[in-house]
Amino acid sequence: MRVFSQMIGVLLAVLATVAHADDEIVLTTTVDGMSRSFTIAQLQELPVLTVTTETIWTEGEQVFEGVPLSALLNELGVTEGVANVQAINDYAVDIPVEELGETAPIVAYYQNGDTMSRRTKGPLWLIYPYDDSADFQTELVYSRSIWQMDRLNIAK
């Protein structure tokens, strides 16, 4: 029985590292009580931006690809309010919509050309171009760089 339990543990660990399929829901949004879900494939239909930067959580330069958060909010019809971004483990941050730039941050779904598993901070990671400006190298920005992002709620 112990061997069986160990095998199940190994299998669950492997499944936890598998990348999400393009048709699996990775993000649920709520705006004015209306919910909308997105798969990786649906996020890829929105404007795409690539950010090449170093992070305080990784080694060396990384290439992230995703949709600018401002473009995602535009898709949802959001022009004002506060974006409450949440992770799988319920870590949450609030980002005022007026503080978003057109290109930063991005909701990254690729890191170095690959999808991200939960083990590698995926499937979605809110990334800023940290190397572009000292403005992106603050505790506030780092705290907003939420990984394992899976929910986005807008309060107006």
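Residues numbered from 1 in each chain as written. Predicted model: local features only at pLDDT ≥ 70, side-chain atom pairs only at ≥ 80, totals over all residues. Heavy atoms only, no water.

Caption draft 1: Region of the structure containing the overall build of the chain. Secondary structure summary: the chain contains 4 helices and 10 strands in total. Starting at the N terminus and walking to the C terminus, you meet the elements of the chain as α-β-β-α-β-β-α-β-β-β-β-β-α-β. Residues classed as buried in the chain amount to 41% of the 156 residues present. Residue pairs in contact within the chain that sit at least 24 positions apart in sequence constitute 60% of those at least 6 positions apart. Per element, the accessible surface of the chain, about 8400 Å² overall, is 51% carbon and sulfur. (Helix = DSSP H or I, 4+ residues; strand = E, 2+ residues; numbered from the N terminus. Buried < 20%, exposed > 50% of the residue type's maximum accessible area, 1.4 Å probe, protein only. Contact = heavy atoms within 4.5 Å. Areas by Shrake-Rupley, 256 points an atom, 1.4 Å probe, with all protein chains shown as cover.)

Caption draft 2: Geometry of the layout of surface pockets. When its volume is computed, the largest pocket comes out at roughly 160 Å³. As for the largest pocket, its lining consists of 13 residues, of which Glu99, Gly101, Ala104, Tyr128 and Phe136 are closest to the centre. Here the lining of the largest pocket takes 3 residues from helix α4 (residues 139-144), the largest share from any one element. (1 Å grid on protein atoms, 1.4 Å probe; cavity = no way out; pocket = protein on both sides within 12 Å on 5 of 7 lines; lining within 4 Å. Points joined across faces, edges and corners; volume = space filled by probe spheres on them.)

Caption draft 3: Main features of the pairing of strand β4 (residues 62-68). With 5 of its 7 residues buried, β4 lies for the most part within the structure. Strand direction decides the pairing type here: β4 and strand β7 (residues 106-111), joined by 5 bridges, are antiparallel. Within β7, the position partnered with Pro68 by the bridge is Ile106. (Pairing = 2+ DSSP bridges.)

Caption draft 4: Structural context of unusual backbone geometry. With omega at 0°, the peptide bond leading from Ala104 into Pro105 counts as cis. Inspection of the secondary structure puts Pro105 in the loop between β6 (92-96) and β7. For the bond from Gly122 to Pro123, the omega torsion is 10°, close enough to zero to count as cis. Note on placement: Pro123 falls in the loop between β8 (114-115) and β9 (125-127).

Caption draft 5: Geometry of the pattern of salt bridges. In this structure the tally under the stated criterion is 4 salt bridges. Between Asp90 and Arg151 there is a salt bridge, with its nearest N and O atoms 3.0 Å apart. Placement of Asp90 in the loop between β5 (82-87) and β6 and of Arg151 in strand β10 (residues 149-155) is noted, with a sequence separation of 61 residues between them. Asp90 sits in the exposed class, given a relative accessible area of 54%. Given a relative accessible area of 21%, Arg151 falls into the partly exposed group. Residues Arg144 and Glu99 are paired through a salt bridge, measuring 2.8 Å at the closest nitrogen-oxygen approach. Of this pair, Arg144 sits in helix α4 while Glu99 sits in the loop between β6 and β7, and the two are 45 residues apart along the sequence. When salt bridges with common partners are traced through the structure, they connect Asp90, Asp150 and Arg151 into a single cluster. (Salt bridge = Lys/Arg side-chain N within 4 Å of Asp/Glu carboxyl O.)

Caption draft 6: A look at the side chain of Gln148. If you trace the backbone, Gln148 turns up in the loop between α4 and β10. By relative accessible area, which is 17% here, Gln148 ends up buried. Within polar-contact distance, the side chain of Gln148 engages the backbone oxygen of Arg118 at 2.7 Å. Contacts of Gln148, omitting those with residues within four sequence positions, involve Gln86, Ala87, Ile88, Arg118, Lys121, Gly122 and Leu124. (Polar contact = N/O pair within 3.5 Å; in protein donor to acceptor, adjacent residues only side chain to side chain.)

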